[in-house]
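# Chains, contacts and geometry: an overview
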Amino acid sequence: MRKLCGIFIAIMLSLPVFSEARNALLIANSDYTNFKKIDTTAGEVWKLKSSLEQLGFTVTMAENCSREKMLDSLSFFERDLKEKGGIGFLFYEGHVAQINGKSYLIPVDADIPDERRVATRAVDVNEAMMSMVAETNIIVLDINRTIPFSASSKNHGLNLHTVRGLASTEIPMNSIIAYSSHLGNVVKDGLFTSVFAEKLIEKNDLLTILREVRLDVSKQTKTEQIPVTYESLMQEVRLAEIKIDDVSDTLETDVSDVIEDENI
């Protein structure tokens, strides 16, 4: 019996232990009905899901969402974060539109013939931010893609301004928002999320991860795409696995001796 206990202790000491709850919502919109399909989305986001799970996150995937499905996913996610706390991670990849200084996430089935329909047929980024109520919030937005409206503002006599990229958003307390490129620019499809997913499991500190992602993406696009971050963090955010006191070789030897000496 003592021998079995010794083996169990040795195994447990080698397993990663996370000090807080970790929950993630990944929204991946690619199969658009009325706008250009995004061929690279699914593979990138599943790669990111795998990386997050290796870091102890419970991950919810929401693919090819309608507006209702996006809002429901965000509502359920907010409920989980309120109950569990810890680290909340929100990711979105898909089309976006910016109107009058506001940014909107575009559902895959959205029928948006002109700028007037955006507010009621898409999801305001600031509304998505309201779901981030964990103790620490990480928001990653790979969304700098342009929605080409068929009708111009002038044709409708509207005082609207449609631009490329993403408008600034309000940052929740103790949060960090990572954009796939600096505001107002578009991105190279597939690059940011792929690099980010790789760096997540190579490094520990989140800010270090994002700096390295910025460097890699900038180099690969010859500085045409430079990811940026904005943060209101009150503490360091470390994502890599944490082992109990980084168990020493001496302790492992002692456990082995106990097992060898035990008679059963």
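Scroll up a little and you will see the structure.
Presented here is an overview of the structure given in this document.

What counts, and at which threshold
Residues numbered from 1 in each chain as written. Predicted model: local features only at pLDDT ≥ 70, side-chain atom pairs only at ≥ 80, totals over all residues. Heavy atoms only, no water. Helix = DSSP H or I, 4+ residues; strand = E, 2+ residues; numbered from the N terminus. Buried < 20%, exposed > 50% of the residue type's maximum accessible area, 1.4 Å probe, protein only. Contact = heavy atoms within 4.5 Å. Areas by Shrake-Rupley, 256 points an atom, 1.4 Å probe, with all protein chains shown as cover. Salt bridge = Lys/Arg side-chain N within 4 Å of Asp/Glu carboxyl O. Expected span 1.5 Å × (residues − 1). Arc of directions from axis to C-beta. Core = buried A, V, L, I, M, F, W, Y, C linked by side-chain atoms within 4.5 Å. Pairing = 2+ DSSP bridges. Axes fitted to C-alpha atoms, helices over the stretch in contact; angles between N-to-C directions. Phe/Tyr/Trp six-rings, centres within 6.5 Å; stacked < 30°, edge-to-face > 60°.

## Considerations on the overall build of the protein chain
Within the protein chain, the regular secondary structure consists of nine helices and 10 strands. Relative to its full complement of 264 residues, the protein chain shows a buried share of 47%. Considering only residue pairs separated by 6 or more positions, the protein chain has 76% of its internal contacts joining residues 24 or more positions apart. On the protein chain, roughly 13300 Å² of surface is accessible, and the fraction owed to carbon and sulfur atoms is 50%.

## Re the pattern of salt bridges
When charged atoms on two side chains of opposite charge get close, those side chains can pair. The final tally for this structure, using the stated rule, is 13 salt bridges. Between glutamate 198 and lysine 47 there is a salt bridge, with its nearest N and O atoms 2.8 Å apart. Note that glutamate 198 is positioned in helix 7 (residues 191-200) and lysine 47 in helix 2 (residues 41-54), a separation of 151 residues in sequence. Taking the relative accessible area as the measure of exposure, glutamate 198 reaches 37% and is therefore partly exposed. The salt bridge partner of glutamate 236 is arginine 238, with a shortest N-O separation of 2.9 Å. Overlapping salt bridges bring together Lys199, Glu202, Lys203, Glu212 and Asp216 as one network.

## Things to note about helix 3 (residues 67-84)
Spacing of three or four residues puts side chains on the same side of an α-helix, whose turn is 3.6 residues. Here helix 3 contains 18 residues, and its C-alpha end-to-end distance of 26 Å stays within 8% of the 26 Å for a straight helix at 1.5 Å per residue. Those residues of helix 3 that fall on the buried side of the exposure criterion are Met70, Ser73, Leu74, Phe77, Asp80 and Leu81. Buried positions in helix 3, seen along its axis, are confined to an arc of 125 degrees and lie on one side of it. Turned more than 90 degrees off the buried face of helix 3, the exposed positions are Glu68, Lys82 and Glu83. Of the residues trailing helix 3, glycine 85 is marked for its positive phi of about 65 degrees.

## Looking at the nonpolar core
In this structure, Ile27, Leu90, Tyr92, Leu105, Ile106 and Leu141 are the most contacted members of the largest nonpolar core, which totals 36 residues. Sorting elements by how many residues they give to this core places helix 3 first, with four residues. In this structure isoleucine 27 touches Ala62, Cys65, Met70, Leu74, Phe91, Tyr92 and Glu93, once residues within four positions along its chain are discounted. Judged by nonpolar contacts, the second largest core, of 30 residues, contains Phe91, Ile138, Leu206 and Leu233.

## Digging into the sheet that holds strand 2 (residues 58-63)
The mixed open sheet is built from six strands, whose spatial order is 2-1-3-7-9-10. The open sheet has two edge strands with one neighbour each: strand 2 and strand 10 (228-231). Within this sheet the neighbouring strands show an average axis-to-axis angle of 10 degrees, counted without direction. Sheet analysis places strand 9 (residues 175-179) next to strand 10, joined by four bridges and oriented antiparallel. Residue pairing for strand 10: alanine 178 is matched across the bridge by threonine 229.

## Some remarks on the packing of aromatic side chains
As enumerated under the stated definition, the model contains four aromatic pairs in all. A centroid spacing of 5.7 Å and a plane angle of 70 degrees characterise the contact between tyrosine 179 and tyrosine 230, whose relative ring orientation is edge-to-face. A residue pair is termed long-range when its members are at least 10 positions apart, and tyrosine 179 in strand 9 and tyrosine 230 in strand 10 qualify at 51 residues. You can call tyrosine 179 buried: its relative accessible area is 2%. Between phenylalanine 192 and phenylalanine 196, the ring centres sit 5.9 Å apart and the planes meet at 5 degrees, which makes this aromatic pair stacked. Note that phenylalanine 192 and phenylalanine 196 are positioned in helix 7 at a spacing of four residues, about one turn of the helix. Ring pairs connect the aromatic residues Phe57, Phe89, Phe192 and Phe196, which therefore count as one cluster.

## A look at the pairing of strand 4 (residues 96-99)
The alternating pattern of strand 4 places Val96 and Gln98 on one face and Ala97 and Ile99 on the opposite face, and all of these are buried. Two strands pair when backbone bridges link them, and strand 4 and strand 5 (residues 102-105) are joined in this way by four bridges, in the antiparallel orientation. For glutamine 98, the partnering residue across the bridge sits in strand 5 and is serine 103. Joining the antiparallel neighbours strand 4 and strand 5 is a turn of two residues, in which asparagine 100 adopts a positive phi near 50 degrees.

Keep in mind that these numbers describe shape and distance, not what the molecule does.
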